[in-house]
Structures are given as C-alpha cells and as structure tokens.
Amino acid sequence: MKRVGIYCGASPGVRPDYIKAAAILGRTLAERGIAVVYGGGKVGMMGAVAEAALGAGGEVIGIIPQSLFDKELGFAEVSDLRVVDSMHERKAMIADLVDGFITLPGGLGTLDEFFEALTWAQLGFHLKPCGLLNVAHFFEPLLTMIDHMVVEEFMQQAHRDMIVVDNDPGALLDKFAMYRPPHADKVKWVMRKMNADFSTD
Ligand code: AMP
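So, how was this worked out
- Residues numbered from 1 in each chain as written.
- Predicted model: local features only at pLDDT ≥ 70, side-chain atom pairs only at ≥ 80, totals over all residues.
- Heavy atoms only, no water.
- Pairing = 2+ DSSP bridges.
- Helix = DSSP H or I, 4+ residues; strand = E, 2+ residues; numbered from the N terminus.
- Axes fitted to C-alpha atoms, helices over the stretch in contact; angles between N-to-C directions.
- Contact = heavy atoms within 4.5 Å.
- Near = heavy atom within 4 Å.
- Polar contact = N/O pair within 3.5 Å; in protein donor to acceptor, adjacent residues only side chain to side chain.
- Areas by Shrake-Rupley, 256 points an atom, 1.4 Å probe, with all protein chains shown as cover.
- 1 Å grid on protein atoms, 1.4 Å probe; cavity = no way out; pocket = protein on both sides within 12 Å on 5 of 7 lines; lining within 4 Å.
- Sits in = over half its atoms within 2 Å of the grid points.
- Buried < 20%, exposed > 50% of the residue type's maximum accessible area, 1.4 Å probe, protein only.
- Salt bridge = Lys/Arg side-chain N within 4 Å of Asp/Glu carboxyl O.

Engineer: Lay out the sheet that holds strand 7 (residues 163–166) with the relevant residues and their values.
Structural biologist: Whether parallel or antiparallel, the strands of a sheet pair through hydrogen bonds between backbone atoms. Taken together, seven strands build an open sheet; the order of strands is 4-3-2-1-5-6-7 and the sheet is parallel. Looking along the sheet, the strands with just one partner apiece sit at the ends: strand 4 (80–84) and strand 7. For this sheet the average axis-to-axis angle between neighbouring strands, irrespective of direction, equals 25 degrees. Sheet analysis places strand 5 (residues 100–103) next to strand 6 (residues 130–133), joined by three bridges and oriented parallel. Note on strand 6: the bridge partner recorded for Ile102 is Gly131. The strands touched by helix 1 (residues 16–31) within the sheet are strand 1 (3–7), strand 2 (35–38), strand 5 and strand 6, with strand 1 carrying the most contacts at an inclination of about 170 degrees. Each of strand 5, strand 6 and strand 7 touches helix 8 (residues 169–178); the most contacted strand, strand 7, lies at about 150 degrees to it.

Engineer: Go over the site of the ligand with me, naming the residues and quoting the values.
Structural biologist: Residues in contact with the ligand amount to 16 residues; listed here are only the nearest, Ala10, Glu72, Gly107, Gly109 and Thr110. Gly109 has a polar backbone atom sitting 3.0 Å from an oxygen atom of the ligand. At 2.6 Å from an oxygen atom of the ligand is found a side-chain nitrogen or oxygen belonging to Thr110. Compared with its free state, where it exposes 480 Å², the ligand has 75% of that area covered by protein. Its atoms largely coinciding with the cavity grid, the ligand occupies the second largest pocket. Counting only elements with at least two residues in the shell around the ligand, the list comes to helix 4 (87–97) and helix 5 (108–122). A per-element tally of the shell around the ligand places helix 5 first, with five residues.

Engineer: Residues and numbers for the environment of Met149, please.
Structural biologist: Relative to the helices and strands, Met149 resides in helix 6 (residues 140–151). Given the relative accessible area of 25%, Met149 is considered partly exposed. Taking the C-alpha atoms as reference points, Met149 and Phe101, separated by 48 residues in sequence, lie 22 Å from one another. Apart from residues lying up to four places away in sequence, Met149 is in contact with Phe154 and Met155.

Engineer: Any details on the pattern of salt bridges? Residues and values, ideally.
Structural biologist: For the structure shown, the criterion picks out nine salt bridges. Residue Arg32 is joined to Asp174 by a salt bridge in which the shortest nitrogen-to-oxygen separation is 2.9 Å. Here Asp174 lies in helix 8 and Arg32 lies in the loop between helix 1 and strand 2, a separation of 142 residues in the sequence. The exposure class of Arg32 is partly exposed, given its relative accessible area of 40%. With a shortest N-O distance of 2.8 Å, Arg82 and Asp80 are connected by a salt bridge. Overall, Arg82 belongs to the partly exposed group, its relative accessible area being 28%. Overall, the relative accessible area of 25% leaves Asp80 in the partly exposed class.

Below, the structure is given as structure tokens:
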C-alpha cells in the first residue's frame, strides 16, 4: 500500500480525541512509508493529519479546488499541492491516486466522500478497502443505519462487510493489508438487481 486517501472534517470537532487520533493516523502512515492523499486544507482534522504526517517525515499530497483554497486554507507546505478546478476533479484525483480510503470523523463533506468510495466499491468500479477510524465511537450511529439498510434488504451483508472499522490507526492499516474485496458475483447481484429494477419489460 503506497498511498491512502484521507477523508475527514474541515472542523476539529468538540472532543480533543478527534484531533489526537488524526495526528496519530498521520504519524502512523508516515512511519509505515504510506503517503497521505487528502483535500489539501490546513484546518481541522484535515490539517492535523497532514501536519503530523509531514512532521514524521511522510509524503503528503493535497488536492484542493481553487474556490476552496482560501476557505480551507490551502496547506502550502505539503509535499505536493495540486490546485484543481472543481470538487469533482478533486474527488476523482484522490480516488485515482490511492490504494485505499480512510474516513475519520467529519461532517457532510466527509460522509459524501466516504459513501462515494464505498458505493463505487459495491459496484466493483474499484477494489480498494474503505475504512472508518471509529474515534470515540463516532461512527456507531452511521453503522447502525447501515445495518438497518441490510435488515430492510436495501443492501447486502457482503457489502456491509466491506467496511473496515477500527478505533486504532495501526490496527486499521493491518486490516487493510488483509482486505479481500467481495466476490465478483456479489457485484453482479447488484448490477442484475439494478437492471431488473430499471427494466421496463
Ligand atoms: P466536512 O466533513 O463537511 O467538514 O468536509 C470535509 C471535506 O469535504 C472538505 O474538504 C470539504 O471541502 C469537502 N466537501 C464538502 N462538501 C463536499 C461535497 N459535496 N463533495 C465533496 N467534497 C465535499
């Protein structure tokens, strides 16, 4: 694993645990020789991951739309800061560059990014692991909702099982190394179901 995409809040959150975990993740990635690829901001959780990775001698690639450069305070000191034209370009570039995705506590932008990576994995568009760093049980309500979707048969258990969860950055990365994407037949099941649902026959 050479590069990991980090999705997290532009805010620090209310608990010091959040920023602390972001910094530990950044440092752990650097120590393992894994580059951070993220949104390129200097604020909140984003800034904490990047700063810690840089501080530990790691490589950090930031990708930020011009329109957000001022708002999220583009982190000019990262190893490689790429200013792009749109949010779509940022997301596509992050997704292309990385071997896996880790989502930390954050807000709507963070969840948008997490679900994009996860839904693309579900459809088999990529085979990269999608992890949640479950700091202070932050993601429990989200996982409860996802389990509810499985119970109500809007989602397959195999796709729920794709989500790698841990509250420890090192353990999460160890799980990434063991990750096996779901069988192709599960992907096909989704495609078949979607085709059936949209069929006008
Ligand atoms: P947030 O979790 O809302 O603090 O946002 C975290 C990151 O997601 C920030 O870098 C935002 O620029 C980004 N973001 C916010 N809204 C979106 C969106 N609709 N699509 C993609 N990224 C977003």
